[in-house]
Structures are given as C-alpha cells and as structure tokens.
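So the chains spell out like this:
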Amino acid sequence: MGYQYTIWIVILPFLAFVINGLGSEKLPTKISGWIATLAIGISTFLSYETAFQYFTSPSGEKIIAFKTIWLRFNDTLHIDIGILLDPISVMMLVVITTVSLMVFIYSQGYMKNEGGYDRYFSFLSLFSFSMLGLVVATNLFQMYMFWELVGISSYLLIGFYYDKPSVVAASKKAFIVTRFADMGFLIGILMISYSTGTFDFEILTKPEGLSFSTTSTFLGFSTITWALLLVFMGGAGKSAMFPLHIWLPDAMEGPTPVSALIHAATMVVAGVFLIARLFPLYSAFAPHALGVVAFIGAFTTLFAAVIACTQFDIKRILAFSTISQIGYMVLALGVSGYGGEAALGYTASLFHLFTHAFFKALLFLGAGAIIHAVHTNDIREMGGLSKHQPFTHILFLIACLTIAGIPPFAGFFSKDEILAAVLTTHPIYFGIAVLVAGLTAFYMFRLYFIVFWGKARNYDHSPHEVPAIMLIPMILLALGSMFTGFIPFGQFISSDGQPLVGHINWPVAISSVVFALSGIGVAWKFYMKESSASDNMAKAFGSMYTSATKKFYIDEIYILVTKGVIFQMISKPLAWFDRNVIDAFMNLLATKTNWTSMQIKEFQSGQLQKYAFIFISGVLIIVLSFIYATR
Amino acid sequence: MNILIAHIILPALTTLAIMFARTQKQVRAIASGGMSIQLILSFVLLYFFLQERANGNDAVVLFAQSYSWYPSLGISFDIGVDGIAVAMILLTSIVIFTGIFASWEVDKLYKEFFISLIVLATGVYGFFISLDLFILFLFFELAVIPMYLLIGIWGSGAKEYAAMKLTLMLMGGSALLVVGILGVYFTSDVEGARTFNILVLGQHHIPIEMQRIFFPMLFIGFGVIGALFPFHTWSPDGHSSAPTAVSMLHAGVLMKLGGYGCLKVAIFLLPEAANEMAWIFIILTSISVIYGALATVVQTDLKYINAYSSVSHCGLVLFAILMLNKTASTGAVLQMISHGLMTALFFALIGMLYSRTKTRIITEMGGLMKVLPFLSVCYVIAGLTSLGLPGLSGFVAEMTIFVGAFEHNDIFHRVVTIIAISSIVVTAVYILRVIGILLMGPVRNEAYHDFPKARWFEKIATTSLVVSILIIGLMPLLLSDIIRDSMGMIVDKLVLK
Amino acid sequence: MSLQQLLLMRHEWILIASVLILLGFELNFSEEKKSNSIVVAAILFAIVTLVGFLPAATGSIFGGMYITDPLRILMKNILNLGVLIVFLQSGSWLRTKINYNRVTEFYLLILTSVIGLNFMISSGHFLMFYLGLELLTIPIAAAASYDQFKSKSAEAGIKLILSAAFSSAILLFGLSILYGASGSMYFQEVKFSVDLLQVLGFVFFFSGIAFKISIVPFHLWTADVYEGSPTNVTSYLSVVSKGAAIFVLILLLVTLFEPLRQVWQQVIYGTAIFTMTIGNLFAIRQQNLKRFLAFSSIAQAGFILLGVIGGSALGMASVIYFVLVYVFSNLAAFGVVIAIEENAGKVNMDDYNGLYKTNPRLSLVMMLALFSLAGIPPLAGFFGKFFLFTAAAEGGYYVLLFIAVMNTIISLYYYLLVVKAMFINKNDLPVGYFQSDYFTRVALSACVVGILVVGFYSPVFEYIQKLCFNYFNL
Amino acid sequence: MGASAIIFYTFAAIMIVFSFLAVTSQKILRAAVYLLFALGGTAGIYFMVNYFFLAAVQLTVYAGGIVVLIIFSILLTSHIEEKMQKADAWKIILTAIVGLGGVVLSLFVITNHVFIPQANTGVEANMTTIGEKLLGYGAGGYVLPFEVISVLLLAAMIGAIVVAKRNKPEGNG
Amino acid sequence: MVEQVPLNHALIITTLMFFIGVYGFLTRKNLITMLISVEIMLNAVNLNFVFFDNYLFPGKLEGHFFSIFIIAIAAAEAAVAIAIFISLYRNIRSIDVEEANTMKH
C-alpha cells in the first residue's frame, strides 16, 4: 500500500496559491476563497487518511513517500525534494491541515468585507503549502527551503494591510528577525552537512552511523555542538524564543485568522518540530546544546508569562502566551533524554504542541470574533461581552480552561506530562514551570474576566454574535481542545519509535492544578468586578511592572542595535566612506592627473629658445647618464 | 553555418537593418524581431548542446570552430561553448530581449540607441563564445565602449561624469588585461608557435613566478567590471545615470564578463598563482559582499540601491570563484545568471516606475502597490530573488556557493564564509526597507492614481524575466548540472593545498 | 649603370617627373585656372601611389648609397597613401581666395618633401639620409608659413625651421662623431661597437630623428607648429613626416645600430615613458583641436616606441602596421578638422558641441577616427596598439607595457572628450550643416574604409610581418 | 711648435673669438660681420689641410652667400644702430651652464677616446678627384646626393618665394 | 693633416665652437642672430668632419664631401628661414623670438 497520494497534500494548496495568485484580477472574489478552502479541505482529508493508515500499520518506520533530486551540489551533497512520513511529520500534517482548514473557513466570514480577498487566500494557501512542505521534508535543506517560504508567507500575511505603516514595520521586523535566526540555521546545516556529507534525515536521525569529533573547537564546544546550537538558533527565531521573540507580538498586526494559523498553531512551533526532528543528533552528540535549549525554553516561558500579565492588547496577550507555551515545549525537549522513559519530555513536548495548536487557534479565533464585534484590540475598551456574544463566550472559556491546564481539558494532560518530565530531571526548571502554569491561568482569566464580564462599555454599535461560518470552526476546535487530551499520545509518538505509555503523575498534576486554580482565583478577585486591587498590585511591583509592560525594553534594545548601531554607526559611515574615500580616491587620481597637467604646462611655454634648451639638456642628460652608468 | 557564429552575425545584421530603418516603429520592430530570433536561437543552442551531450559527446567545448586569423601571432577566431558559456549566452539573450522592450519608448536618437545597445550585446556574445584570448579581449572592449555613448547621450543626472568614470575605470581594467594576456601568451611553455588559444594554453604551464605577476593583473582586470572592491565605484554612478535598458544590460550581463573572465581566464590559466593568492582576493571579495550590502542599507536612490546591492552580489560571484572548487564555482555561475536576471528585472522596473513618478528617491514615493500592482508585484519578486528566497533563482545560486565555500574547513575560509552568509540578512534588511517604503504604506500622492497601468511591452519585459527567474528557481537541476559538468576542466587543474 | 638599375629608384623618378609635369602645368595655366592643378596633382599622385604598388625589383645602387627592398617599398607606399589623402583633403583650403595664385606651389613643396622622405628611407649612406631629412623638412617649413596673413602661420614656420636647423645641427654633430669612430658613412661599411664615444654620437644622432618623431623631450616644437600651420600641412607633418622618421629609425636601429642595442633600448625605454605620459598629460586640457591632435600624436609616438624597443621582427612589423593604421586614423581626424575649419572657421573643441545634430556623418567619421586612435575594437587602431604591446611584451618589457596601458586610459579620456562634445554636449549655435567637396569625401571615405578594414583583413599584417622577418634574416 | 701649428692655433683663436663675439654682440650687423670672420677663419683651416675646393665653397657659399643673405635680411628688418636687448641674466646663466656642461661632457668623452688613424690612401683632394667623385656613381661617388640637392635647392627656392612674395591682401576676386 | 697639432686639440676647438653656437641659439633674442648661431654650429660640425677625415681617414674624402653638402643645405635652409622671418616681420613687425610665442601651453 502506497503513500504516493500524500504528495497531493502538499501540492493542492500550492495549486490554490497559483490559481489565486495569477487569476487575482479575473476570478470573482467569492470563488477564490472556496478554491483555497476546497484545496485545503482535500488536503485535510488526505492527511487524516495518511494518519489513519500510518498509525494503524504496525511499523513506526520512516517512510519515503516521494523523493527526487532537486539540486546537486557535489558528488555527495544534493538537495532532494520529497515526502518523509514518520510519526511526527504525520502528526504535524494533521495539526496543520486541521487548523488551516478551520482558519480558511473562518476567514470566509472574517475577511468578507476586506479588500484583497483573493490575495489573502492566495497567501494563506502559500503558507499552508510551505508549512506542509516543511514538516514532510526528507532532508535538512528541503526543510530550510520551506522554512524560508514559511517566513516569507508569514511576512506577506502580516503585511496584508500594507498601507498601514505599523503593519509594514511589523512585517519587516518579523521577517528580518527570523531571517537573522535562519542565518544561524543555515550555517548549522552547512556545518552538519560538511561533517556528515549528507542532508538526509534518514541518516542524520540514525546517529549510530555517524561519527563526530567531540573535541572542542571553539569556546569549549565541539563543532557539532556549535552546529546544533546554530540550528537551534534558527528554531528559536521561528519559535520566538528569547531573545528572538520580539517579532511575534508585533506580528499581531496581521489579520487575526492569520495570527491564529501562523503565529499560534503552526509556524511558531516549527522550531520545536525542528529540534524534535534532529533530536537523535542532539541527544547523542550535543548534550550541552540540549542544556542551552532547556535553559532558553525555561527562561522564555517565564519571561513571556510575566509580560503577558501586564499587556492590554488582546492579541498581544495571546502572543506572549504563545511564546510562553512554546517555551514550555522547548523546555520539555531540552530536558528530554533519548529512548525509553527518559524520553518523556520529547513526547510531552510534541503532545503539548498538538493540543496547543487546537486551543491556541481557538483562542485567536475567539479573539478575532471579539475584535470583529467591537473593532478594537484593547481589552480596557471591552467588557460585558458575555451578553452580546454568548457562543463566543462559551468557546473562549473552554479555551481558557484548556490553556490553564484544568482537567479534563487537553491542556491538562499535555502540561502534566511536561511537568513530570521536567521534574525528573531539573527541579529548578520544574519550579519555574509550575509557577508559569499559575501565571498562565492568571493572565488568561484576567483577559477572560475583563472582556466577558467586567463593566459593560458603551459601544458605538452594539456588538453582535459572529456568523455561523465563523462559529463552526471555533466549535470544532473547541471539541478538539476538549478531547484531544485523551489520545494516548505516547503510543504513537516517541523519540525512538517505541511506544511510550503515558500515565498521569498525580503529585505533579495536583500541584499544577492548584497553582492554576489559584491563578484563576486571583484573576477573579482582581478583575471580575471593578477593583483597585490590580492597580495596587501593579504599584507594589513598581518598576518591575513598568518594565514588564514595556516588554522589558527588549524592543528598544533591538532598535538601538539596528537603527543606532548598524544603520547609523556602520551603514551610514560605510556609505559615506564609499563616496568620500574610495570613490574620492578614484576621482583624485583623475583630478591629480589634470592637476599635473596644469602644473607642467609651462614647459610648453611658446618660447622657441626654451624648447631648444630642453632639447639640448635632454641630450646631455642622456649622455651623462650613460657616462655615469659606464663608470 | 555554425550556430555560434549566428549569434554574432544576427546582431550585426540587426544593426545593419536598423541603420536603414526610417521610423521609430520600424526600428523597434527590427530590434525586437532580431532579438526575439536571437532568443530563440539561444534556446536552439541549448537544445543542440543538450542533445550533443546526451549523445555522449564529451568534448570540453562543443560547436568548436577555428578560423585562422593572424597565423603568425597565433591568433585565430576560435569559438566553442561549454555549459557555462551556453548558460551565459542564454542569460544574455533574455536580458537583451527584455532590454529592447524596456526601452520601447526611447524617442531621442532612437536609431543610434538601439544600434549601440545591440553592438554592446554583440560584444557580450562574442566574449562568451570565444576561446582565443585575443578575440575574447576584443569582444570585451567592444562591449564596454558603447556604454559611454549610451550613458552619455541617453542617460540622466550627472551622466557625462558617470559615463566617463565608468568607461575609464572599465578600460583601466581592460588595460591590465592586456598586460596579463600578453604575459600569459609569452611565458607559457607552449612548444612551437605561440598561441592565444585558451584551451591550448590551459594545457601548458606558466612559471610560478610569472603567474604571481599576471594573476593579480588578470583578476583585477576582470574584477573591475565585476565590481571588485575597491574598484567598484563606477557602478553606483554609472547605473544611476544610465538609461533603463543600459542598466539592465550592464548589471545584467556586462558585469558578468568579470566573473566569467576571472573563472575562465585568470584561474584556468594561472591555477597555481590562484591557489597561492586567492586569500588576498577572498578578503577583498568578502569585504565587497558585506560592504556592498551594508552600504545599500542607507541609500535612498533606487538605482544606487541596486548598484550597491550589485556590488554585494557580484562580490559573491568572485568570492565563490576564489573558493576554487567545483561546487562554489558552479554557484558562482548560477549567481551570475540569477543576478543577471534579477538585476535586469530591477532596473527595468525602476525605469518603468521612474517614467511615471519622475523620481527615484524612495522617500519621495510610497504606496505604489495600490496604484501599480503588476509592477509592484514584479518588484517584490525581484526583491525576494535578491534576498535568496527558495523557489527563485537567487536561492539556488547562493546555497550552492555557501555549500561550496564550506568545503574548506580551515578557520580562514570558515570566517569569510560566515561573513558572506551574514550578507543575506543585510540583504533582507535593505530589500524589505525598499519594499516597505516604496510599495507599501499609504499612497503618497493623489496624482499617483492617474498613472497608466503597466503596458504591454512593459509586461513582456518583466514577465519574461520573472518567468526565467522562476524556472531556474523551481527547476535548477538541469542548469546546474550543465554548468557543473563544464566546471571540471577548470577546477581539476587546481591543486588545493 | 644600366637603365634597369636606375629603375630601382622608381618611386623617386616618378615623383620627380610629377614635379616637372606640375611645373609645366603651372606655367601653362592662366591666372583663373590655377585651381585646376588641384585635380592634376591629385591625379598625378594617385598614379604615383598606384605605381608604387606595382611589383618591383630590389637591390642597391650608387655604390650602396641607395637601397631598395620590399620593406622599404612598403614603407614608401604606406606614406604615399597618406600623402594622397593629404592631397585630396587640401583642395578646399587651396580654393580659398587667399591662395588663388599659390596652388601649384603648395603641391610642389609637398612633392619635394615626399621625394626627400623617399630618399631618406632608401638611404644607404648617412649623407643621403641627411639630405633626405632636410629635403623632408625645408619645404614643409615653407608650407607651414603658407598662410601669409596669419602671424601664427609664420610663427609656426619659424619654430619649425629653427628647431629643425638646431636639431639637425645636433644630429650632424653626432654624425661627425660617429664618422670619426667608424670611418665610413656607408651603411654597409660602418661597424659600431659599444664605447662611450659612439654612445655620445648615437645620442646626438638619435635626438635628431627623435625630433622628427616628436619624442619627449625633443617634442616641444610639435604643438605650436601643428597649431599654427595650415591644417593640411599639420596633417602631413603629423602623419607622413613623422611616419617617415619612424620608419627610418627602425631601419637604422635594427641594422646599423644593432651593436648598440643595449644603448638604444635604454634610451627608448626612458623616452617612451616620458613621451606617452607627457603627450597625454598635455593633451588632456587642450581646447584647440589641432593642438589636441598634436599632443595625441606625441602620445601615439610613445606607443610606437613600444614596438621599436624590442628591436625584433615582430616589433618592426607592429610599428609599420601601426603607422599604416595611424595614417588612416589620424588623417580621418584631420580631415574632419579641416572640413570644419574651412566651412565654419572653427577649430576649438567647444565649437564641436552638438556637431552630431547638424553633421552626423562627419561626427561619425571623427568618432571612428578617435576611437581608432584610442585603440577601441573592432577598429584598426585596436589591432595596431595590441600588436605594439605584443612586441613590447615579447621583449619582456612588462613594466613599460604597464605604464603604456595606464596611459591608454588617459588617452581614452581625452578622445572621449571630443566624442562627448560632438554627441552629448548641447549647443545653441552648432556648426551649420554643410556638404564637403568631392575630394574630401573621397579622402574621408578612404580613411574610414581603412579604419574599418585594415584590422579585420589580417593578410596586411601577415605581409608586413613576413617582410620584416625577411629583413631580419638578411 | 712649428709654424703651421702656430698658424693653426691662430686661425682657431680667430674662429673661437669671433664666434663668441657673433653670439654676444649687441649690434646685429656686427654680429653678422663677426660671423663672416669666423667663417673666414674656418676657410683658412681648410686651406691648411689642403682642402682648397672646400675652402673655396666655404668662402663663396657661406661667406659670400649666406652672410650676404643675412645682412640683407638685417637691413630689411632692423635698424642698424639699434642695440639689441640683452637676454635675461638667469637665461644666460642657465644656458652657460648647459653649454659648459655640454662642452665638458663631450670633451670628456672625446679626449678619453683613443682614435686610431687609418693608412693614407694617397688620394689628393684636387679638382680632378673632386670632380670625379662628385659625378661618380659607383662606391665613393656622389652624383646621387648631388642630384638630390638640386631638388632641395629647387624646393627651397619655391618655398622662399612663396613665403616671401606677398599676395595683395584683398586678393583679386 | 696639420703637423704637431694633435687631433684632440682640433676637436676641442670644434666642440667649443659648436657649443658657442648652442649658447647663441639659446640666448639671442633676434631671430637672425639665432640663425647666425645655427650657422656657427654647422660650421663646427663641418670642421669636425674635415678633421676626422683629414686626421684619421686621409684620402677617403667622405668628410670633405659631407661638409660641402652641409654648406649647400645650410644655404638653402638659410634662404627659407629668412623668407619666413620676413613673413613674420610683415605680420608682427618684429623678429624677436620672444614675441613669437602666441601659441603655447
């Protein structure tokens, strides 16, 4: 039984992109949306089919469904384009197509009144195509290519409302920051490929056949450690790990469905996927690199959670929550071992990735529904929406409960696994993780209480419930959030392909739930009714609070480095240098020639006798030099 | 008739026909017709080439012909193409074809304009097909000189200064070439009569101490036209003053003569010196790469932006060549082609935008995406090619170069390679900056709404370039393999330390 | 001495015959018909040129005083071509009222000068050489001051004849010393060797020829004389007279002064650098086109020395070939200058602004000529210059070659200045449209054909090359 | 020192002194006359070495022809009494340095050279020999230069006439 | 050959005379006196030829004939030169060499 049809999973969105892109001026607007949705719908169907077929078949082996040489570098290195099916890629296929399909359907309603409908769906299809291509990549370089494509489609989608300057800046920032990270990724790839002579995952994920020198080459790390760190840099860029997270909050300038798809559920977890993909390499050759990964994950999850507590833009809160949640996943990967029980972190991380996709997409779509209704992003201008948008309210609540890790919602299960994995290896990180669980519950319910309860505001026109076409995908996602937790994830996905039996670690579960509930309680206390408690709290933290609202000034530092240092102190002087030193030097050659010409013009004095004088002097000098030479 | 000769006869006939044309319409028709046939001819050449190779003809060059010209000096009209040349000829054909359409509306001395343009193209074709150093040099200069008139007469801004500077600097480079070529000619240990034939010279040895003298001359000589730092300063001024089609041809094709020459003459004929001295030029070129990119970041004139980015990209070409291995050199050729197409597209678009907005300062424009969607999308595609997006040609080229550069594992090569790689970030910065200011944002001026949409000839020009970029970007294997196969001859001579 | 032997001097005889025929015509033309001699002279010289190309016997007569061989015949033919073009270009100037009764005299002066250069090239004895040199110069000095009512013309004449007298006195001083050292004046008898006395004599002697070629520092008369003289005379001076001197220089150096090779290579090495550089530096800022071409021709002389210095057959061939190319290129440039000067009375570069608008053909000819001088392919000048460089490289003079190629950039700069003036610069009052006379057009067309064809038609160079090799192997 | 040597040195002294006077005299006509004396001295030396024909030519062509020509031209262009301006001092100094340098250099070279005389062929410079040689066309004959110089003289004549003869400025129509 | 006068002495005399001519040519302002200086130079050369002829190669007479021709040419040269002087004099009313400098640089 073959998997050849899987190629259509990838190709169909691409076709939708091409049709929508080329026919943008000729197609009726409605049609373009349906073409794209149809394409992704079929892809979704095929993905489920694949998943069913793959996970029900006995072997958990890697399957190459399709492969062709795309570009040859030298005798050993070549880029292939192909489709690799293994547990994580199949899982990702399901996640991506599902969320995509939901977002596509949702967008039909959400974007109805926006211009550039066809452009929107064309870019969205491009994104789905890139993301699908990324996860099924058979080799590092194919992954890198689609990685870049994902970046550019993200850029295009963030910049959808391109006539707003803030949008332009945000899209630019998103692309450049990730690009910077990708540079590291690329160098990492090159280093790995130089050592192994291949890009192929089939070989790279079987570390038995590889050998690396582990002698330290630079700053105490071995080459492979450096390479994997650089690869992680790429992942960190896409997954918005500290300090490369700055683009993600700004990326919320894009249309909200886009945020749901790209900046919550799919693209941002590409980094996690990347590390998971190369996990055998990491754990076999670069434990130090994994340590760094864990540290970055732990730090980011706390850092982002703290900031999220202080923000007022609904989408930014969600963005920071995303960062925080991805930090969780990265942390889990970082503490994981390879094979057996030690690899719980690996499974947990991907499990969280899976559940997170559903509830975070739901959160964003819910946020979209709210924004759609009230035409603002600022939660201080919202309140009492539970009356106006009952369905949205319920769905949003489900999502909040899920992310807070309240059983029996999916988030509880995945988070529990992560906490269990962390606890066994790093108690300090466990402390952070549990704290973050509480913070998460706090800021999510802060959001929830302010928006849906609180004091009702005076809206320009009364907010109303969103149409069915937007509600249906949300409902489906809510179902996912509620029930995916019961999937025996370890059965399907583990680091070494052997089934891993997950079971709930009760002490951990209880502590995390307690923290979560207390977070919710604090939020209820502060925000359910108008109260000054939150302000007092903020005052108590003082400068800490202020810097958290300012996102710890990371953006400012970036601006300083880019605008101040690179732009003002390097590029401008360089441009000046080019014009006024190098070019001036070339001009100087010319002007000096002219100048010399002016200086010697007196030799041609018009005086015959001077001519004769020079004549005879010339003769005599030549003679003299010969006399001198023969002496 | 040999298909290669047809490549230089056809432009010559076209110029002749233009001379006898009367109206602007006729001139345009003849020029576009001639260059269309030329384009077809180039594809035919590619087809024949592939067929020959498929039939197992593994000669170093195909379609070789030799007509003795100055037998006493060993000068003969030796022509022949390998894969690299075929690729470059294709590039030239595409760019000149689009260049004709991009200059559709030249109405001042249009006859002379098209004649000069096609003469320039003839020089380029001749350069790529010749196997004899003398002929090669002849065509090289033939390609450079029409630039003076083209910029001087039809240019804008400080055109006289720019034209003079460009011509003198390029001819300065070619002056070095004379010394280098003659040095190679006289010091090579060819038995019997001396020869200028590259292939013959390539099989013989030149004393290393002579190589040390002539390699820098040849490399810098070709490097000047390839915008080698610090000999690149003709480029910003020249491009900014040149008319559209000329910028296209110049950046698109003419600058490639440099890389091609460095590869096929300097390195091929003087491999030992190349090995020994590569590091000097690697430093220069890696400076070129990053310096050009950084200097681009603050430019505001569209043409300056492109000129400096060309410095960066062409620096990458030379950088790759100096890596002295098959992969990187293949990447260099790919980069030449990719950059040729991309920059031609850029310049074509800049010309089209300029004809509407009458300014090239990006800060004076904005929001063009709304009013000129077609051209803007093309511009974005060009930009994405420039920053190396997969699926477009730039990615293929850059990755091949980087992989090739990583085949060296000493610390020096690693460091310069990483410097070169870092340029892709800077590239992204300036490309997005331009797109952000120029195309995005609110429409800056109400008058923009009256702009004519893209016209048919503009569409032909841009579309053919975009399609070429896409074809290479999506299916690079064919082209890359053609080039790689021919690279062996050059690179096999290099004894790597 | 048989008639056959006398016929060896075919070139000279037919020239002398032309002089006599022209004199006869002059005596028989009425006052109003003087200008007919323009036609007569042109036809006569065309015949002279044609006859020169007929196959001829070679040998030496008058006890070795007169030598003729295929190489020398070729040289004479090349120069004859130049003279013919000068003749054709002179018509319009001679038809002006000021010259109404002095037409034939001009041709007579030029013709006698040509006789002189023929004898100089064919000389086998220093006396013949000297006589030829003087015969080449003295009539031209008179012709230089032909414009009686222009003080500049007289000034040019003075500068020419006095510097020529001075330089030939120095040449003679050197010659006398060489005579004292070697004991003979016959080329086939003298045997030089390297000692200081002969070096002294050689340097003095060399400066006399260098003066004719305008090699720095013996060049200073050039620009002034070129500017002041009637432009036809200037073109004769810059092409024919200079070409003859170059020819005789290479002939003497590689045979007679072969033992002094070390010496003259060093002398030429030094002077070549100065000649190229100074010529170019002065040419940069000239406004008067005649002066401009004067300095450019000085620079060209410097390039020619690159071919001389190797002293090889290839070098010799490249020099001869370059002179052939130079004849066409420079005369084309002068032809345009003459045409503009006669029709608009203007010789300044500013006056050429916008010329392409009104006189596109003339501008194109000028551009071709200048590009050929600058050595731009595919014009003949490119080949000429490349072969000169080849000759220098053959001798291993890479440093000199490097300086030379750097100089070509400067030269390109100022040639482009003129091109810029004609094609790019704007002008409210450009030179008006005019139609040149028939002869000028023929002359310019011939030059253009020469510029375009000589390079491509390789047998020309191959023929010269063969002759030079034969000459060397004698 | 024999008589002939004394006479020789006397002539030499006359030549040098009058040459010098000819190039320094303030009065132009005097300069011409001094030139005449110098040329005459030269002729005397020619007589001494038995080159009578040459001496005769020297006297007739040089002294008789050229000097007269010069004097005529002086009369045409200058006032005889007028004193000529002196050249600038720096010019004189520089020129003197160069001239002296030239003398020193040349004499240094010349006097350091050992001349080896050849055996006398016994040919006298009498009129017969000269006549034969001047019209001889074999080796040692000078008929060709003799003819060439006739062309030269013709050219010089034409040239001189063309330059010196003045057209009426207005022409004749 | 003059007995008891060594060749070197004779050559010293001619060299001196030659450079006196050079000196005159470089310093005299009047064109005619410049011509006179040239004549002196030529005369020195003539003497040189004669001395070499007479001392070193007696009986060959080459120097002798050379001198004759030099004299003839000097005459022709002088004639043309003077004609041009007169032409210049007509134009600028002066035969001062320093005033014949309208063309320069």
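Here is a short report on the structure shown in this document. Keep in mind that what you see is a predicted model, and the values were worked out from it rather than measured.

Let's shift gears to the overall build of chain B. Helix and strand content of chain B: 20 helices and two strands. For 497 residues, the compact-globule formula gives about 23 Å, and the C-alpha radius of gyration of chain B, at 21 Å, lands near that figure. Overall size of chain B, expressed as C-alpha extent along the three principal axes, is 75 × 60 × 45 Å. Taking all contacts inside chain B whose residues are at least 6 apart in sequence as the whole, residues at least 24 apart take part in 81%. With the model as given, the accessible surface of chain B reaches about 13,400 Å², and the carbon-plus-sulfur share is 66%. Computing the positive centroid from 27 side-chain charges and the negative centroid from 27, chain B places the two 11 Å apart.

We now examine the interface of chain D and chain E. Listed as interface residues are 82 residues of chain D and, on the opposing side, 74 residues of chain E. In this assembly, chain D packs against chain E so that about 6,900 Å² is buried in total across both faces, 74% of it on carbon and sulfur atoms. Linking glutamate 98 of chain E and lysine 91 of chain D is a salt bridge whose minimum nitrogen-to-oxygen distance equals 2.8 Å. Along the contact surface separating chain D from chain E lie 13 residue pairs in polar contact (both at pLDDT 80 or more).

Residues and elements named next belong to chain A. Taking 1.5 Å per residue, 26 residues should reach 38 Å; helix α19 (residues 427–452) reaches 37 Å between its end C-alpha atoms and fits that length. Counting buried residues along α19, 21 of its 26 residues qualify, which places the element largely inside the surrounding structure. Two residues or fewer past α19, glycine 454 is found with a positive phi of approximately 50°.

Right, let's talk about the side chain of threonine 44 of chain A for a bit. Residues and elements named next belong to chain A. Relative to the assigned elements, threonine 44 resides in helix α2 (residues 29–56). Accessibility expressed as a relative area gives 4% for threonine 44, which makes it buried. Not counting residues within four places of it along the chain, the set of residues in contact with threonine 44 comprises Thr97, Thr98 and Leu101.

This paragraph deals with the interface of chain B and chain A. In this complex, chain B contributes 59 residues to the contact, which on the side of chain A involves 46 residues. Both faces combined, the contact of chain B with chain A buries some 4,700 Å², and carbon together with sulfur accounts for 71% of it. Taken together, the links from chain B to chain A amount to four salt bridges. No other element matches the 13 residues that helix α18 (residues 411–439) of chain B contributes to the side of chain B that touches chain A.

Residues and elements named next belong to chain B. Across six bridges, strand β1 (residues 62–70) lies against strand β2 (residues 75–81) in antiparallel orientation. Bridge pairing links tyrosine 67 to phenylalanine 77 in β2. Taking the residues between adjacent antiparallel strands as the criterion, β1 and β2 are bridged by four residues, where glycine 74 takes a positive phi near 75°.

Residue and element names in this part refer to chain A. Scanning all chains against the criterion turns up 127 aromatic pairs over all chains. Sitting above the plane of the tyrosine 328 ring, lysine 415 keeps its charged end 5.5 Å from the centroid. The lysine or arginine in question, lysine 592, covers the ring of tryptophan 595, its NZ or CZ lying 4.1 Å from the ring centre.

The biggest cluster of nonpolar side chains holds 798 residues, and the ones touching the most others in it are Phe141 of chain A, Phe134 of chain B, Phe126, Phe129 and Phe257 of chain C together with Phe18 of chain E. When residues in this core are grouped by element, the largest group, 22 residues, is from helix α13 (residues 313–344) of chain C. Here this core gathers at least three residues from each of two domains, domain 1 (3–82 + 114–164) and domain 2 (87–113) of chain D. Look past the residues within four positions of phenylalanine 126 of chain C in its chain and what remains in contact with it is Leu175, Met185, Phe187, Phe192, Phe205, Leu256 and Phe257 of chain C together with Phe66 of chain E.

About the thresholds
Residues numbered from 1 in each chain as written. Chains lettered and ligands numbered in written order. Predicted model: local features only at pLDDT ≥ 70, side-chain atom pairs only at ≥ 80, totals over all residues. Heavy atoms only, no water. Helix = DSSP H or I, 4+ residues; strand = E, 2+ residues; numbered from the N terminus. Rg over C-alpha atoms; globule rule 2.2 N^0.38 Å. Contact = heavy atoms within 4.5 Å. Areas by Shrake-Rupley, 256 points an atom, 1.4 Å probe, with all protein chains shown as cover. Lys, Arg positive; Asp, Glu negative; His and termini not counted. Charge placed at Lys NZ, Arg CZ, Asp CG, Glu CD. Buried area = accessible area lost by both parts, 1.4 Å probe. Salt bridge = Lys/Arg side-chain N within 4 Å of Asp/Glu carboxyl O. Polar contact = N/O pair within 3.5 Å; in protein donor to acceptor, adjacent residues only side chain to side chain. Expected span 1.5 Å × (residues − 1). Buried < 20%, exposed > 50% of the residue type's maximum accessible area, 1.4 Å probe, protein only. Pairing = 2+ DSSP bridges. Phe/Tyr/Trp six-rings, centres within 6.5 Å; stacked < 30°, edge-to-face > 60°. Lys NZ or Arg CZ within 6 Å of the ring centre and 35° of its normal. Core = buried A, V, L, I, M, F, W, Y, C linked by side-chain atoms within 4.5 Å. Domains from an automatic or database assignment.

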